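Summary of the model geometry
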Amino acid sequence: MLQTAIVSLLMSVIQVCPSPPVISLNGYANVTVNCKAPYVELGATAWSVCDGDISPSIRIDSSQVNTSLPGEYLVYYDVTDSGGQAAAQVTRRVIVEDNFTLTLNGFNFVTEGMGGEDIYVTYWECNRPYDDFGATAWDECDGNLTQSIIVEGAENVLPRELGDNFTINYSV
């Protein structure tokens, strides 16, 4: 008697992408923002060998960025292709700067000191007490700091001879 065997084979074919997707930042990896200015996200693109352009699937986490506080913050970019392969995480560094301005009033000219710093020069008459014309201070995070200026040395200025030099320090 002849016997017949029937064998059934079930085969699944799973396409495996040979490499994970790659994320590329739009713009620079380091971005500088002035204090209290908005951070504008430049975005990124992502490419998968198997799926093509998967840029719309990029997850961007910029939750750490605080433009009200000077410092450095990271923005994270992540994406996964349809096969579940994750791209290497990409980061952008956001530097929040606080620009400061101190303006001295009543000086005659500015010259460069030996260390490269600006020296503000004021001419004054001999035997006449010095009148401080004051200064203003401003920074982008805190606004007007004029009331916080500390003046040191103005009380000692009483030019007696031609060429007398005095140093007055303004700090905030």
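Residues numbered from 1 in each chain as written. Predicted model: local features only at pLDDT ≥ 70, side-chain atom pairs only at ≥ 80, totals over all residues. Heavy atoms only, no water.

**Some points on the state of the cysteines**
Two cysteines whose sulfur atoms are joined by a covalent bond form what is called a disulfide. Enumeration over the complete set of coordinates arrives at two disulfides. Here Cys17 is linked by a disulfide to Cys50, with a sulfur-sulfur distance of 2.3 Å. Across the S-S bond linking Cys17 and Cys50, the dihedral sits near 115°, which makes this disulfide right-handed. Residue Cys17 is located in the segment before strand E1 (22–25), and its partner Cys50 is located in the loop between strand E3 (44–48) and strand E4 (52–53); the two are separated by 33 residues in the primary sequence. With a relative accessible area of 31%, Cys50 lands in the partly exposed category. Sulfur-sulfur distance for the disulfide between Cys35 and Cys141 comes to 1.6 Å. Disulfide Cys35-Cys141: the torsion about the S-S bond is 110°, which places it as right-handed. You can see Cys35 sitting in the loop between strand E2 (30–34) and E3 and its partner Cys141 sitting in the loop between strand E11 (135–139) and strand E12 (143–144), a full 106 residues away along the chain. Pair check on accessibility: Cys35 and Cys141 agree, each one buried. Take the cysteines of the chain that form disulfides and number them in order along the sequence; they join up as 1-3, 2-4. (Disulfide = S-S within 2.5 Å. Helix = DSSP H or I, 4+ residues; strand = E, 2+ residues; numbered from the N terminus. Buried < 20%, exposed > 50% of the residue type's maximum accessible area, 1.4 Å probe, protein only.)

**Side note on the pattern of salt bridges**
In this structure the tally under the stated criterion is two salt bridges. With its nearest N and O atoms 3.7 Å apart, the salt bridge here joins Arg92 to Glu41. Within this pair, whereas Arg92 is found in strand E7 (residues 90–97), its partner Glu41 is found in the loop between E2 and E3, the two being separated by 51 residues in sequence. Of the residues examined, Arg92 reaches a relative accessible area of 0% and is grouped as buried. Exposure remark for Glu41: the relative accessible area of 29% places this residue in the partly exposed category. In this structure, Glu72 engages Arg93 in a salt bridge whose closest nitrogen and oxygen atoms are separated by 3.0 Å. Of the two residues, Glu72 sits in strand E6 (residues 71–78) while Arg93 sits in strand E7, which places them 21 residues apart along the sequence. (Salt bridge = Lys/Arg side-chain N within 4 Å of Asp/Glu carboxyl O.)

**Points about the sheet that holds E7**
The strands making up a sheet are joined through hydrogen bonds of the backbone, oriented either antiparallel or parallel. With mixed pairing, four strands are arranged side by side in an open sheet as E2-E7-E6-E5. The open sheet is flanked by E2 and strand E5 (59–61), the only strands paired with a single partner. Averaged over all pairs of adjacent strands, the angle between their axes in this sheet comes to 20°, without regard to strand direction. Strand direction decides the pairing type here: E6 and E7, joined by seven bridges, are antiparallel. (Pairing = 2+ DSSP bridges. Axes fitted to C-alpha atoms, helices over the stretch in contact; angles between N-to-C directions.)

**A few points about unusual backbone geometry**
The backbone of Lys36 shows a phi angle near 70°, a positive value even though the residue is not glycine. Along the polypeptide, Lys36 turns up in the loop between E2 and E3.

**Focus on the sheet that holds E3**
Sheet architecture is open: three strands sit in the order E1-E3-E4, paired in antiparallel fashion. The sheet terminates laterally at E1 and E4, the two strands that pair on one side only. Pairing between E1 and E3: four bridges, direction antiparallel. Paired with Ile23 across the strands is Ala46, a residue of E3.

**Quick notes on the side chain of Arg92**
A polar contact is formed between the side chain of Arg92 and the backbone oxygen of Gly43, at a distance of 2.9 Å. Here the side chain of Arg92 touches Tyr77 through a polar contact of 3.0 Å, side chain to side chain. (Polar contact = N/O pair within 3.5 Å; in protein donor to acceptor, adjacent residues only side chain to side chain.)

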